[in-house]
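Here is what each chain is made of, one letter per residue.
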Amino acid sequence: MRRAPLGRSRWGDRPATRSTRLLLGLVVFALALALLVRADLGLDPWTVFSAGLARHLGLTLGGVTVLTSVVVLLLWIPLRQRPGIGTVANALVVGPVLDLWIALLPAPGAPALRGLFLLAALALVAVGTGLYVGAGWGPGPRDGLMTGLAELGVPLSLARVLIEGSVLVAGWLLGGAVGVATVVFALAVGPLVGRALPRLALPPSPGADGGGSGGGEPRPSMS
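Residues numbered from 1 in each chain as written. Predicted model: local features only at pLDDT ≥ 70, side-chain atom pairs only at ≥ 80, totals over all residues. Heavy atoms only, no water.

**Q** Please provide a residue-by-residue account of the side chain of Thr-147, values included.
**A** Note on placement: Thr-147 falls in helix α7 (residues 141-151). Looking at Thr-147, its side chain comes within polar contact range of the main-chain oxygen of Gly-144, at 3.1 Å. (Helix = DSSP H or I, 4+ residues; strand = E, 2+ residues; numbered from the N terminus. Polar contact = N/O pair within 3.5 Å; in protein donor to acceptor, adjacent residues only side chain to side chain.)

What follows is the structure, given as structure tokens:
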């Protein structure tokens, strides 16, 4: 069993600590997505898809993000995945907070500032994911879709490529923004999350069985 760093087990076992880190992580993650939107250099694959749908449905980007999260959660049923508190919170919180951040953030005009927005978004995606997944209360809806396919025998890397490639192409055809940031995000976010998650993850709750309701080792997530 993994031994928790000194001082983390006492506080990490408290629900208030986990819920605070979960919500903070979701807010930070939504900020990262909003920075990508404002940088106007391209979006991550799932946000490309949401942005494309938003153009046709007349909804805000955050509203479509919630809608797609709920639909993805329904796909968990045949895959026999169990959502946790964090999974449901991800589905319901990220979208509205994303809309709020987009309204608050300025649109940078200078290319250098747009590049800084992109770099900040990458760093904050890693931190936000580390916080909310590291709370141990379940992965994001889209991550559970990939791991569900992996449990059916599809290699996880292939499942991720198939799912994110499909939503990226669909989003692009619907008019979502694809650009240099889309490529940078795809190449950089995995390693960044891989470094942030072990540093930010709390130890499993006492008596946790590793199920989706709130325990076990956290899994990297992309929302």
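Now that the structure has been shown, we can carry on.
**Q** Got a sec to walk through the nonpolar core? Specific residues and values, please.
**A** Membership of the largest hydrophobic core comes to 38 residues, with the highest contact counts inside it found for Leu-22, Leu-36, Leu-98 and Val-125. It is helix α2 (residues 15-39) that contributes the most residues to this core, 11 residues altogether. Counting 11 residues, the second-largest nonpolar core is a separate cluster that includes Trp-76, Ala-91, Leu-145 and Val-167. (Core = buried A, V, L, I, M, F, W, Y, C linked by side-chain atoms within 4.5 Å. Buried < 20%, exposed > 50% of the residue type's maximum accessible area, 1.4 Å probe, protein only.)

**Q** Would you mind going over unusual backbone geometry in detail, with residue names and values included?
**A** Here Asp-40, not a glycine, exhibits a phi torsion of approximately 60 degrees, which is positive. Note that Asp-40 resides in the loop between α2 and α3 (45-57). Non-glycine residue Arg-80 carries a positive phi angle of around 60 degrees. Relative to the elements of secondary structure, Arg-80 occurs in the loop between α4 (61-79) and α5 (85-104).

**Q** Before we move on, can you summarise the packing of aromatic side chains with the specific residues and values?
**A** For the structure on display, the rule yields two aromatic pairs. Taking the centre distance of 5.8 Å and the plane angle of 85 degrees together, the rings of Phe-29 and Tyr-132 count as edge-to-face. Of this pair, Phe-29 sits in helix α2 while Tyr-132 sits in helix α6 (residues 111-134), and the two are 103 residues apart along the sequence. One exposure class covers both Phe-29 and Tyr-132, and it is buried. On the numbers, 6.4 Å between centres and 85 degrees between planes, the contact of Trp-46 with Phe-49 is edge-to-face. Remark: Phe-49 and Trp-46 occur in helix α3; sequence separation between them is three residues, near one turn of the helix. (Phe/Tyr/Trp six-rings, centres within 6.5 Å; stacked < 30°, edge-to-face > 60°.)

**Q** Pulling in residues and values, what's your account of the environment of Leu-31?
**A** Structurally, the position occupied by Leu-31 is in helix α2. Between the C-alpha atom of Leu-31 and that of Leu-105, which follows or precedes it by 74 residues, the distance is 9.2 Å. The residues touching Leu-31, leaving out its near neighbours within four places in the chain, are Trp-101, Leu-105 and Leu-124. (Contact = heavy atoms within 4.5 Å.)

**Q** An account of the packing of α3 against α4 is requested, with residue identities and associated values reported.
**A** In the contact formed by α3 and α4, the axes pass within 9 Å of each other and the chain directions differ by 115 degrees. Considering their axes alone, α3 and α4 lie roughly perpendicular with respect to each other. For the pair α3 and α4, the crossing hand works out as right-handed. Along the contact surface, α3 presents Trp-46, Thr-47, Phe-49, Ser-50, Ala-51, Leu-53, Ala-54 and Leu-57, while α4 presents Leu-61, Val-64, Thr-65, Leu-67, Thr-68 and Val-72. (Axes fitted to C-alpha atoms, helices over the stretch in contact; angles between N-to-C directions. Parallel < 35°, antiparallel > 145°, perpendicular 65-115°, else oblique. Left-handed = near helix turned anticlockwise from the far one by under 90°.)

**Q** Lay out the pattern of salt bridges with the relevant residues and their values.
**A** When the charged atoms of two side chains with opposite charge come close together, those side chains can pair. Scanning the model with the defined rule gives one salt bridge in all. Between Arg-160 and Glu-164 there is a salt bridge; the shortest N-O distance is 3.4 Å. Remark: Glu-164 and Arg-160 occur in helix α8 (residues 156-173); sequence separation between them is four residues, near one turn of the helix. Taking the relative accessible area as the measure of exposure, Arg-160 reaches 29% and is therefore partly exposed. (Salt bridge = Lys/Arg side-chain N within 4 Å of Asp/Glu carboxyl O.)

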